[in-house]
Amino acid sequence: MIVAVDGPAASGKGTLARALAAHLGLPHMDTGLLYRAVALNLLRWGGDPDSEFAAARACDFSQLDFADPELKSETVGGVASRVSAYPMVRSALVERQQSFARQPGGAVLDGRDIGTVIAPEAHAKLFVTASPEVRARRRAEELARLGVHAHYEDVLIDIRARDERDTGRAAAPLCPAADALLLDTSDLTIEAAIARAVALVESRR
Ligand code: DC
């Protein structure tokens with residue numbers, strides 16, 4: 001079974017995808033990490049984020065440790081959102097994601113274009129949303145737990161900018177697939193959101 005979990009930044013899609021993978025006994029891929037890896041390479045190699053060619057060159061992961069905590073930083077997330085708009089970057093990463101999705105038994109993938117581009121054949125597609133204010137509050141709390149002080153207002157501005165870039169780009173913009181099941185987590189606890197996601201996916205089994 002292939003399960004696609006898409007949604008905007010800090011919507012809770014990663015938490016839900018991990019919980020679904022554990023529930024279904026399937027491997028999970030956080031595809032945002034691939035775009036973050038491109039961004040981190042680019043920053044470390046001194047490449048220009050405004051150059052599609054430089055970003056495409058940064059799609060070489062032979063030197064990269066996917067456990068590097070720097071991949072999760074806000075700076076890297078912001079650059080990831082910019083480089084992910086380049087068609088050359090997106091096409092360099094398609095095959096890795098599609099072969100993960102199509103492994104025997106299936107997989108759970110979370111990202112922005114899983115249900116629309118990477119695995120349109122997915123058996124269950126969830127589109128996870130939450131209001132920008134709720135997402136900003138969650139992200140600010142998460143950063144505080146990591147010891148990073150961030151003002152709620154700044155995080156909200158960043159979330160809105162990220163939404164605009166992710167939904168407004170020409171290549172594989174963030175949007176729900178026609179057959180996606182919508183899950184708004186704004187008023188749900190983590191436990192309630194997981195229970196709802198499991199029920200939605202089970203309804204497609
Ligand atoms: O989910 P995330 O915040 O780790 O993703 C970082 C950026 O990567 C996000 O702003 C857009 C991009 N991305 C994408 O374009 N397509 C995906 N499938 C996953 C992430």
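Below: a short report on this structure. Keep in mind that what you see is a predicted model, and the values were worked out from it rather than measured. (Residues numbered from 1 in each chain as written. Predicted model: local features only at pLDDT ≥ 70, side-chain atom pairs only at ≥ 80, totals over all residues. Heavy atoms only, no water.)

Under the 1.5 Å per step criterion, the end-to-end length of helix 5 (residues 87-101) is 20 Å for 15 residues, consistent within 8% with the ideal 21 Å. Most pronounced at V94, the bend in helix 5 amounts to some 35°. Those residues of helix 5 that fall on the buried side of the exposure criterion are V89, R90, L93, Q97, Q98 and A101. (Helix = DSSP H or I, 4+ residues; strand = E, 2+ residues; numbered from the N terminus. Expected span 1.5 Å × (residues − 1). Bend = angle between axes of the 7 residues up to and from the residue. Buried < 20%, exposed > 50% of the residue type's maximum accessible area, 1.4 Å probe, protein only.)

In the vicinity of the ligand lie 15 residues, with R36, R90, R112, D113 and R169 positioned nearest. One of the side-chain nitrogen or oxygen atoms of R162 is found 3.3 Å away from an oxygen atom of the ligand. Within the contact set of the ligand, an oxygen atom lies 2.9 Å away from a side-chain nitrogen or oxygen of R169. Computed on the free molecule, the ligand has an accessible area of 450 Å², of which 96% lies beneath the protein chains in the complex. Elements with a contribution of two residues or more to the shell around the ligand: helix 2 (32-44), helix 4 (74-83) and helix 8 (152-168). At three residues, helix 2 tops the list of elements feeding residues into the shell around the ligand. The residue makeup of the shell around the ligand, split by class, is two nonpolar, five polar and eight charged. (Near = heavy atom within 4 Å. Polar contact = N/O pair within 3.5 Å; in protein donor to acceptor, adjacent residues only side chain to side chain. Areas by Shrake-Rupley, 256 points an atom, 1.4 Å probe, with all protein chains shown as cover. Nonpolar A, V, L, I, M, F, W, Y, C, P; charged D, E, K, R; others polar.)

A large share of strand 3 (residues 107-111) lies buried, amounting to five of its five residues. Side-chain alternation along strand 3 places A107, L109 and G111 on one buried face and V108 and D110 on a second face that is also buried. Across five bridges, strand 1 (residues 2-6) lies against strand 3 in parallel orientation. Paired with V3 across the strands is V108, a residue of strand 3. Where strand 2 (residues 28-30) and strand 3 come together, three bridges link them in parallel fashion. Bridge assignment links M29 to a residue of strand 3, and that residue is L109. (Pairing = 2+ DSSP bridges.)

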